[in-house]
Amino acid sequence: MNRIALVPARVWWGIVPLLLIGPFLLWPLGAMLWRAFVIDSGTGASPTLEVVRAVATDGYTWKRLAFTTGQALASTALTLAIGIPAAYVFANVRFPGRTVLRAVATLPFVLPTIVVALAFQRLVGSGGWLNDALGLIGLGPIQATGTLGMILAAHVFYNVSIVLRIVSGVWANLDPRAEEAARLLGATRFGAFRRVTFPALLPAIASSAALVFTFTFTSFGVVLILGGPGLDTLEVTIYRLATRLLQLPEAAVLSFVQMGATLGALVLYAALQRRMTVPLRPRSDRARPWRETSRGERILVAGVLAALALLIGAPILALVHGALTVGGGFGLDNFGRLFEDTGRVSYIEPLSAIRWSLTFAIGATLLASVVGLAAAAAIARTTGRWASVLDGLLMLPLAVPAVVLGFGYLVTFNRGWYDLRGSPWLLLAAHALIAYPFVLRSVLAVFRSRDPRLPEAAALLGASPVRVWRFVEVPIAARALLVGAVFSFAVSLGEFGATLLLQRPQYATMPVAIFQALGRPGQANLGQALAMAVILLLVTAAGFLLIERFRYQELGEF
Amino acid sequence: MATLSVQHLQRRYDDEVVALEDVSFAVEDGRIAAILGPSGCGKTTVLRLIAGLDHVDHGDVQLGGASIVHQPPHTRGVGLMFQELALFPHLDVAGNIDFGLRMLGWSREDRELRRAELLRLVGLVDKGHRKVHELSGGEQQRVALARALAPRPGVLMLDEPLGALDEARKEELRLQLRELLHRLRMTAVIVSHDLRDAVAIADDLIVMERGRVLQAGPISEVLARPATASVARMVGYATLLEGTLEDGCVAEDGVGAVRMGAGNQGSDGDRVTVLGHPAALLAVPAGHGLGTGVVGVVASSRPDGPVARLEVSLADRRTVAARWEWDNEAPPPGTRVDLAAQPGTLRFFTHTAVARPKRAPAPQLAFEVDRQDVLRPAFPEPAPPAEVVPIERARIRADEDIEAEPLPEAVEPAAERRSS
């Protein structure tokens, strides 16, 4: 009857993200599946079961899986142990500098892994602060690099902000009257917490734990740089199998193991996330009733701040300090070295790396914004069971670890007209693919929470569908879009796993350049690496402050 | 402004109970029609179909004689004030009102003139630059009205326009709304579940139930002559009798018998429902032969100025509201009373016309509450000084030359119920 309804709008919107995830996610995954389970590239035979059996019976594989899971669980537990008290403090206690400190404490999440790894090396590695200090009091240097403790510390460093963000957001918006009502009904203070507040927080805690588990399970950069013999995660193992040992079928099989685990954790996260979005009504800090700060709380604040200073402040300061140290004094010489050209083969020029990093980041941000916006529109316009199916499909890139994605590209785009090896476009597609779910989540939250009648109201006032989009949808989603775009920018800027597999020296990015510089001996190379890391730190931090300024409410989905 | 005509609209959903079966009505140019019906009857769906926010399965919508059913919403020239208002949160008051004019491509000067005119019309002259969330609920309502009026729609539809307001503001706004719409000679459709809104604002009434129009016509016509028992109940009538027609009388055991009014069809043996409107029902002392033939027991009484409003329980199965104007002394609960009504105000429906027995909710609730009070053993006995009241009544009635009625008999039913 009605012509407009023949092709629902959601289908049109859904096409845009499919144009990206079709060729650049589903195809590579399919190709990998093919490679892993169907044919052997050399003989054309089907050694599937052989490979699977080999992988399954190889004690090394099981050791890697056990280690990966174990370190992820340990990292998650440690992160929660620090993150939950910190979330309480930032949500419920008023102290000077609270908002600024909260912003700083949530900063690490957007920092590139390579920067985190380097910062920790400057803190406790050889030639770092810790060993310098130990040297001063006459103790010998300790070997912290290549230990599990180092990896766990780095994981806690950049995941504590996830717990802090999600849990304190929910905690600050809980209705205090529920707990008060429980007290009046005879519950003790602890009883009220256990029976009222904790159940309300549980979905937030569990969903942040699922997210932390996912990130630490797939940890790549931190483990590659800070880890050592016997400390490889699956992700690093895949990287080594694919690039050094060229055991592609084995790498493909492990990739699917890896993806299965990630997917499971993310499905759990999504389910918990849905449960979390029920009772919240964001309140401004000013509108909240603040209780008197008790003595116990003061001690807790001091403890939390000290832990965060040690965990977040110290590595960052060590990094900056290292970058500014020249010989015995301070100077900007390390930054000056970025302009030097050593003229060596296969050497990544720092200036070129900075240029390409920005190029990819800007391109990926633009692409991710368009794709993420369209994906959010498609999901928001779908109802019922299909909404979760579509949501799951469009969030799939989050479940595919970066190294696996890069590996998938290597085995896919390698022949015929689609031989894209050596093309920066492939890298751009990878970055956009990894980044757009951040735009999607941010914008979808607005699309779902705003009055669904606004577009209808606009249409009845004479706005055509295009103008509804231009005058209502986009302006309302503008801030969320900006937040998502900044996240995309930071993600692209710091992307390490996929880039390392797909890069060529001519268009390598800063994280890759830092990694290569670290691999070469000499103070000059280290200086260059530190200087680039500080630049990355500054750029992402600036973007992050922009987000903080524009974030509507405490509750972000990331 | 133009005549709106809706013809045989049909819309069915796979998963929802609300469906439109066959909805037709017309709103003449410049008139205000109210669609009345219980929630879930499809009122809002009708508005959405007229607006083009949802597509129709069958039927036609015409505005000013031209079919608009195939047009997208933005070209229909139909205004809608949403129940939830749906003001644009990213625009200020002026921006909201301007929106439709910008879509029409009006120049800045023209828009400013029109906006000033509308702000004056809805009484928000100095609030043009306020953010919409800073306004009170009533002010937001007026912004939404001004926004819908701005592009001069051919018909303005208002979905529960007074839903969110408190009772005092409602009363005030009903009159303002009617006055405003008439001054603008606006063709308007109002959706409401509250009969009072319809009575105060509309010229025409369209009564809907379960996706169908039960009756449509001038409001006085519908209120005076409801077409079916369902309509009658929706516009406030209460069931007096559900009985069998015999010798021109409808009789029900324990309640009484009423003579069928002239002009009603029916033959002996038919089941007939008799409805009366509380505004036209008087309770009078029992036993004088003054009533219409319906006998009840007072369930509760509330003073209403010098007289009283009673809830009268009929054979313990239903209650009706009636006024007590006999004297200044409202009868206590448990008193037997006769109900009296002008013959022309009662409505008779033979059984086929009765969709399903359904009682008006409000009286039922009042009845429940009161009966609980009566049943509660700890409640003090109403026991008035037995000597004083009869004397008082006897004196008044003596003036009117009527014999005093013995009291104990009248109190008896209540006493029985208490003991049971």
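1. A closer look at the overall build of chain B
In step 1: Check the secondary structure of chain B and you find 11 helices and 20 strands.
In step 2: Per-residue burial over chain B gives 43% buried out of 420 residues.
In step 3: Expressed as a percentage of contacts within chain B between residues at least 6 apart in sequence, the contacts between residues at least 24 apart total 67%.

2. Considering the overall build of chain A
In step 1: Check the secondary structure of chain A and you find 24 helices and 2 strands.
In step 2: Here chain A, with 558 residues, has 49% of them falling under the buried criterion.
In step 3: Once local pairs closer than 6 in sequence are excluded, the contacts in chain A between residues at least 24 apart make up 81%.

3. Re the nonpolar core
In step 1: Core analysis: the largest hydrophobic core is formed by 298 residues, its most contacted members being A154, V167, A432 and A533 of chain A together with I206 and V312 of chain B.
In step 2: In terms of residue count, the dominant contributor to this core is helix α19 (residues 424–449) of chain A (17 residues).
In step 3: Not counting residues within four places of it along the chain, the set of residues in contact with A154 of chain A comprises V116, A117, F120, V222 and L226 of chain A.

4. Looking at unusual backbone geometry
Residue and element names in this part refer to chain B.
In step 1: Even without glycine at this site, R152 takes up a positive phi of about 50°.
In step 2: Counting through the fold element by element, R152 comes out in the loop between α4 (137–149) and β7 (155–159).
In step 3: At D247, a position not held by glycine, the phi torsion is positive, near 55°.
In step 4: Within the secondary structure layout, D247 lies in the loop between β11 (238–246) and β12 (249–252).

5. A few points about the interface of chain A and chain B
In step 1: Each partner contributes residues to the interface: chain A has 20 residues there, and chain B has 23 residues.
In step 2: Elements with a minimum of two residues in the side of chain A that touches chain B: α20 (454–460) and α21 (465–494) of chain A.
In step 3: Among the elements that line the side of chain A that touches chain B, the one with the most residues is α20 of chain A, at 6 residues.
In step 4: Residue composition of the side of chain A that touches chain B, grouped by class: 13 nonpolar, 3 polar and 4 charged.

6. Quick look at the confidence of the model for chain B
Regions with low pLDDT carry predicted coordinates that are not meant to be interpreted in detail.
All names here are of chain B.
In step 1: Residues of chain B with pLDDT of at least 70 account for 82%, and the chain-wide mean is 80.
In step 2: Ranking the elements of chain B by mean pLDDT puts helix α9 (residues 361–375) last, at 34, and strand β3 (residues 32–36) first, at 94.
In step 3: Under a pLDDT of 50 for its full length, residues 353–420 has, in the predicted model, 62 contacts with residues more than four places off or in other chains.
In step 4: Interface predicted TM-score (ipTM) for the complex: 0.70; the corresponding pTM is 0.73.

7. Some words on helix α4 (residues 98–105) of chain A
Residue and element names in this part refer to chain A.
In step 1: Restricting attention to buried positions, one finds in α4 the residues L101, R102, V104 and A105. Looking straight down α4, one finds its buried side chains confined to an arc of 160°; they lie on one side. The exposed residues of α4 that point more than 90 degrees off its buried face are T99 and V100.

8. Concerning the environment of D203 of chain B
Residue and element names in this part refer to chain B.
In step 1: Along the chain, the position of D203 falls in the loop between α6 (195–201) and β9 (204–209).
In step 2: Judged by local crowding, D203 falls into the partly exposed class, with 19 C-beta atoms found within 10 Å.
In step 3: Note: C-alpha distance between D203 and G30 (173 residues apart in sequence) is 9.9 Å.
In step 4: Apart from the residues lying within four places of it in its own chain, the contact partners of D203 are R31, I32, A33, P218 and I219.

9. Section: the environment of W469 of chain A
In step 1: With respect to the helices, strands and loops of the structure, W469 of chain A is situated in helix α21.
In step 2: Each C-alpha atom, one on W469 of chain A and one on V167 of chain A, is 34 Å from the other, the two residues being 302 residues apart in sequence.

10. Observations regarding the confidence of the model for chain A
All names here are of chain A.
In step 1: For chain A, per-residue confidence averages 79 on the pLDDT scale, and residues scoring 70 or more make up 85% of the total.
In step 2: Here helix α2 (residues 48–57) stands out as the element of chain A with the lowest mean pLDDT, 66, in contrast to α20, whose mean of 91 is the highest.
In step 3: In this model, residues 1–6 is a region of pLDDT below 50 whose contacts with residues beyond four sequence positions or in other chains number 6 contacts.

11. Some points on helix α5 (residues 113–124) of chain A
Two residues of an α-helix separated by three or four positions point the same way, owing to the 3.6 residues in each turn.
Residue and element names in this part refer to chain A.
In step 1: Across its 12 residues, α5 extends 17 Å between first and last C-alpha, which sits within 8% of the 16 Å expected from 1.5 Å per residue.
In step 2: With 12 of 12 residues buried, α5 lies mostly within the body of the structure.
In step 3: The complete set of buried residues in α5 reads T113, I114, V115, V116, A117, L118, A119, F120, Q121, R122, L123 and V124.

12. Considerations on the pairing of β11 of chain B
All names here are of chain B.
In step 1: When you tally the buried positions in β11, you get 7 out of 9 residues, the bulk of the element.
In step 2: In this structure, β11 lies alongside strand β14 (residues 271–276), joined through 6 bridges in antiparallel fashion. In the sheet register, A238 faces β14, and the bridge partner there is G276.
In step 3: Sheet analysis places β11 next to β12, joined by 3 bridges and oriented antiparallel. Residue pairing for β12: E246 is matched across the bridge by C249.
In step 4: Once β11 ends, the chain turns through 2 residues before running back antiparallel as β12, passing D247 with a positive phi of about 55°.

13. Side note on the packing of helix α3 (residues 59–92) of chain A against helix α7 (residues 148–173) of chain A
Residues and elements named next belong to chain A.
In step 1: The interhelical angle for the contact between α3 and α7, taken along N-to-C directions, is 40°, at an axis separation of 6 Å. The orientation of α3 relative to α7 falls into the category oblique. Considering only the axes of α3 and α7, their crossing is right-handed.
In step 2: Looking at the contact of α3 with α7 residue by residue, the class counts come to 20 nonpolar, 8 polar and no charged.

14. Overview of the packing of helix α15 (residues 350–380) of chain A against α21 of chain A
Residue and element names in this part refer to chain A.
In step 1: Remark: α15 packs on α21, axes separated minimally by 8 Å, with the N-to-C direction vectors making an angle of 140°. Regarding the angle of α15 to α21, the classification is oblique. With respect to the hand of their crossing, α15 and α21 are arranged in right-handed fashion. From α15, S357, F360, A361, A364, T365, A368, S369, G372 and L373 reach across to α21, where they touch L481, G484, A485, S488, F489, S492 and L493.
In step 2: Partitioning the contact of α15 with α21 into residue classes produces 9 nonpolar, 7 polar and no charged.

Here is what the cut-offs are and how they apply
- Residues numbered from 1 in each chain as written.
- Chains lettered and ligands numbered in written order.
- Predicted model: local features only at pLDDT ≥ 70, side-chain atom pairs only at ≥ 80, totals over all residues.
- Helix = DSSP H or I, 4+ residues; strand = E, 2+ residues; numbered from the N terminus.
- Buried ≥ 20, exposed ≤ 12 C-beta atoms within 10 Å, placed from the backbone.
- Contact = placed C-beta atoms within 7 Å.
- Core = buried A, V, L, I, M, F, W, Y, C linked by C-beta atoms within 7 Å.
- Nonpolar A, V, L, I, M, F, W, Y, C, P; charged D, E, K, R; others polar.
- pLDDT = per-residue confidence, 0-100.
- Arc of directions from axis to C-beta.
- Expected span 1.5 Å × (residues − 1).
- Pairing = 2+ DSSP bridges.
- Axes fitted to C-alpha atoms, helices over the stretch in contact; angles between N-to-C directions.
- Parallel < 35°, antiparallel > 145°, perpendicular 65-115°, else oblique.
- Left-handed = near helix turned anticlockwise from the far one by under 90°.

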